[in-house]
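Spelled out from the first residue to the last, the chains are:
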Amino acid sequence: MSGSSTSDPDGARVAAVSTRRSQLGVASLFGALGFSYGTWTSRLPAIKGNLGLSTSQVSVVLLFAALGAIFSFPVTAAALHKLGSRGASLVAGSLLAPGLVLFGLAPTWALACAVMCLYGVLASTMDVAMNAQGVEVERATAQPVMSRLHAVFSLGTMAGAFFASGITTLTTSVPVHFCIAALIVLAAVLLPRAGLIADAKTPAGGTRSFAWPHGAALLIGAMAFLGMIVEGSMVDWSTLYLKERAGASQQVAPLGIASLQGTMLVTRWFGDRARVRWGARKLLFGGALLAGASLAAALLIGGVAPALVGFGLFGIGVATVSPCVYAAGAREGGVALAAVMTLGSLGFLVGPLLIGAVAQTTNLSWGMAVVAAAAIALALLSRRVRWD
């Protein structure tokens, strides 16, 4: 009796340590991707000035990143098939670091576009693989973590923005900044790799990796499309808006991303509880309305402080879109989830192009108004999806 009573606590402690290692390992992947994203988006004004780009040319750079994400799915499927989600996450994440350095060193607009296309492939592959690894961790540990993993992505993006704001007080060199950031990304990907789970190397759903969605999956895909326009565009354009329209300094401008991602972080951390209490339909409808209204108000009032407050409220509103949409897509099957993620990537493609075109014709305030309109459309569409 005494031997069995002491072995059970020991086994429980080992299991707890293993669970924590697995959760921290996959969380580090989410944080690394977020930090990389927050790093380069925070320095878009500096890159724009260094290369002498127009607003429309910046939108084309973002367009190439989205194109890379869209055309990454054959690469992603092959990586998952050969390496599994653990291996694909580690390979894509390790290559993301030199991709960041190359973007900082790009001497021309054309090369910057080419690098961002490659970056889009790597970031999308890592995104799919780390979400799949998150599912594996949930299965292995029997603990829900997906909403908090997305919160860690927001934390990483926010950390990238704060780091960008701080490092500009020491050096204005984008290449130096990106080299340091690349080392941080590489460490976050590789150091906790022992906690990742070696999953099956053939993805669920067999060899069929994509099919055009229909029925409920089509509505969910439309939500992903609008959600990525809304969330992605705010990260892409908030720094430029603060600098060029609100008159923020080079040190203050990256804080728009920090405000947005900070509120998204807190909201996602408690997102699972909110979804259980109110349901996905009410949560997304109210949140998307809050996002659209707060951004519209910030644009109408103008100035740095209203923008930072508006961006923070916007983050609260859109924080639960991705977790809810991905969960709904997964309930429709693996092929449907792949299609939903493709439509989300199309949102990244269309958003920068549309906003850049509107901003070039009028100004960036009107371009950001497109994001507010997309948030309102997202709220209306959420009423048509069967979430349960």
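Before reading on, note that the structure itself is shown above.
How each quantity is defined
- Residues numbered from 1 in each chain as written.
- Predicted model: local features only at pLDDT ≥ 70, side-chain atom pairs only at ≥ 80, totals over all residues.
- Heavy atoms only, no water.
- Patch = residues over 30% accessible without salt bridge, like charges linked within 9 Å, V, L, I, M, F, W, Y side chains within 5 Å.
- Areas by Shrake-Rupley, 256 points an atom, 1.4 Å probe, with all protein chains shown as cover.
- Salt bridge = Lys/Arg side-chain N within 4 Å of Asp/Glu carboxyl O.
- Helix = DSSP H or I, 4+ residues; strand = E, 2+ residues; numbered from the N terminus.
- Buried < 20%, exposed > 50% of the residue type's maximum accessible area, 1.4 Å probe, protein only.
- Phe/Tyr/Trp six-rings, centres within 6.5 Å; stacked < 30°, edge-to-face > 60°.
- Lys NZ or Arg CZ within 6 Å of the ring centre and 35° of its normal.
- Disulfide = S-S within 2.5 Å.
- Core = buried A, V, L, I, M, F, W, Y, C linked by side-chain atoms within 4.5 Å.
- Contact = heavy atoms within 4.5 Å.
- Expected span 1.5 Å × (residues − 1).
- Bend = angle between axes of the 7 residues up to and from the residue.
- Axes fitted to C-alpha atoms, helices over the stretch in contact; angles between N-to-C directions.
- Parallel < 35°, antiparallel > 145°, perpendicular 65-115°, else oblique.
- Nonpolar A, V, L, I, M, F, W, Y, C, P; charged D, E, K, R; others polar.
- Left-handed = near helix turned anticlockwise from the far one by under 90°.

A cluster of nonpolar side chains, namely Leu290, Val309, Leu313 and Ile316, defines an oily patch on the protein surface of about 290 Å² accessible area. A total of three residues in the nonpolar patch trace back to one element, the largest contributor, which is helix α12 (residues 304–318). Mapping Ile316 onto the fold places it in helix α12. Owing to a relative accessible area of 35%, Ile316 belongs among the partly exposed residues under this scheme.

Another point: the environment of Ala339. Considering the arrangement of structural elements, one finds Ala339 in helix α14 (residues 334–361). The spatial distance from the C-alpha of Ala339 to the C-alpha of Gly221 is 7.1 Å, given a sequence separation of 118 residues.

Turning to the packing of aromatic side chains, a few remarks are in order. Scanning the model with the defined rule gives seven aromatic pairs in all. Among the aromatic residues, ring-to-ring pairing joins Tyr37, Trp40, Phe103, Tyr119, Phe153 and Phe178 into one connected group. Lying across the ring of Phe285, Arg383 places its NZ or CZ 4.7 Å from the centre.

Time to look at the pattern of salt bridges. For the structure shown, the criterion picks out two salt bridges. Put simply, Glu244 and Lys48 hold a salt bridge, and the shortest N to O gap is 3.0 Å. Of this pair, Glu244 sits in helix α8 (residues 216–244) while Lys48 sits in helix α2 (residues 44–51), and the two are 196 residues apart along the sequence. We classify Lys48 as buried; its relative accessible area is 15%. For Arg268, the salt bridge is made with Glu231, and the minimal N-O distance between the two is 3.4 Å. Taken together, the positions of Arg268 in helix α9 (residues 255–269) and Glu231 in helix α8 put the pair 37 residues apart, joining distant regions of the chain. Both residues of the pair, Arg268 and Glu231, count as buried.

Right, let's get into the state of the cysteines. Using the criterion set out here, one finds zero disulfides in the structure. Among the cysteines around Cys113, which has no disulfide bond, Cys117 carries the closest sulfur, lying 9.3 Å off.

This brings us to the environment of Gln133. With respect to the helices and strands, the residue Gln133 is situated in helix α5 (residues 109–141). Overall, the relative accessible area of 0% leaves Gln133 in the buried class. A C-alpha to C-alpha distance of 5.4 Å links Gln133 and Ser85, two positions 48 residues apart in sequence.

A few words on the nonpolar core. In terms of nonpolar packing, the biggest core is built from 97 residues, with Trp40, Phe103, Met126, Phe311, Phe314 and Trp387 touching the most fellow members. Top element by residues in this core is α8. It accounts for 12 residues. Excluding its chain neighbours within four sequence positions, the residues that come into contact with Trp40 are Leu62, Leu100, Phe103, Met116, Tyr119, Phe178 and Asp236. Counting eight residues, the second-largest nonpolar core is a separate cluster that includes Ala79, Val128, Ala129 and Tyr326.

Here the focus is helix α4 (residues 73–105). Residue pairs spaced three or four apart in an α-helix point in one direction, given the helix's 3.6 residues per turn. Helix length check: α4 (33 residues) gives 27 Å between terminal C-alpha atoms against 48 Å at 1.5 Å per residue, more than 12% under. A bend of about 115° at Gly84 is the largest found in α4.

A few words now on the packing of α8 against α12. Orientation of α8 relative to α12, taken along the N-to-C sense of each, is 170°, at an axis distance of 12 Å. Judged by the angle between their axes, α8 and α12 are roughly antiparallel. Between α8, through Val230, Met234, Ser238, Tyr241 and Leu242, and α12, the contact on the second element is made entirely by Val304, Ala307, Leu308, Phe311, Phe314 and Val318. Among the residues forming the contact of α8 with α12, the class breakdown is 10 nonpolar, one polar and no charged.

Moving on: the packing of α5 against helix α6 (residues 146–167). Interhelical geometry of α5 versus α6 gives an angle of 140° and a closest axis separation of 10 Å. For the element pair α5 / α6, the angle class is oblique. As α5 runs across α6, the sense of the crossing is right-handed. Residues Asn131, Gly134, Val135 and Glu138 of α5 form the contact with α6, whose participating residues are Met146, Leu149 and His150. For the contact of α5 with α6, the residue count by class is three nonpolar, three polar and one charged.

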